[in-house]
Every structure is written in C-alpha cells, then in structure tokens.
Amino acid sequence: MTDPSPDHHPAVRAVPHPGELDARGIPITCAYCHARRDWLLLNVLHHVFVRCRCAHEWEEPDLTRAYFDLHFTEPEHEWENCDDAMTALGFDGLLAGTTWN
C-alpha cells in the first residue's frame, strides 16, 4: 500500500444529531459543558467522533461505524476545510450552551 500524498485528507462525514445519545446505557454527556444533547457526529475512516456546541470533540468508541451509517444521509454541503464546516454548522464554540427545541 502506498502512503497518501501530504495533500490528501480523509473525507469527514458530519451528521447533526439533536437528541440524546445512549451508546452505553446512559446518555453521553460533554465533559466540558455537561450538555446531554445536540451533537455533531463525525465519521473519519472507521472512527466516530462526537462534537458538542462548545467545540469539545472526542472519539466515542461505543458509537460504531454501523451506528453512524444509520444516521448518515447524503451530504447537503461541502466545505474546503473542517474549520469552515464547524463554523457553518454552529459547532465552533460560538453557540456553547445553546440547544434547539
């Protein structure tokens, strides 16, 4: 297998998830702001990450790629970089503490 070029970045699939996540039998909570819902699920290769509105992000090993695929829809937008995407989706920290009803 050849190494990818330095310009190659793996695709990131992002899916907003407004409700609670219950991967371990208890709701997932943000370690920084203690939010319990309104997440952005990120899939990079075989890893699934959870991002909070406060911009805290972590790999969630209890969320599998199969779980992500159940919630994935065709992308509505594409961005040049991850920072632009996080800002456009409202997960850059500016809306920390905000939840939508």
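Residues numbered from 1 in each chain as written. Predicted model: local features only at pLDDT ≥ 70, side-chain atom pairs only at ≥ 80, totals over all residues. Heavy atoms only, no water.

Draft legend 1. Geometry of the environment of E20. Note that E20 resides in the loop between β1 (12-17) and β2 (39-44). The spacing of E20 and D38 is 18 residues in sequence and 7.1 Å in space, taken between C-alpha atoms. (Helix = DSSP H or I, 4+ residues; strand = E, 2+ residues; numbered from the N terminus.)

Draft legend 2. The arrangement of the sheet that holds β2 in detail. As summarised here, the arrangement of the four strands in space is β1-β2-β3-β4, forming an open sheet in which the pairing is antiparallel. In this open sheet, the two edge strands, each paired with only one partner strand, are β1 and β4 (57-59). Across the sheet, the mean angle from the axis of one strand to that of its neighbour is 25 degrees, orientation sign disregarded. Two strands pair when backbone bridges link them, and strand β3 (residues 47-51) and β4 are joined in this way by three bridges, in the antiparallel orientation. Within the sheet, the bridge partner assigned to F49 lies in β4 and is E59. (Pairing = 2+ DSSP bridges. Axes fitted to C-alpha atoms, helices over the stretch in contact; angles between N-to-C directions.)

Purely spatial values, then, with no claim about function.
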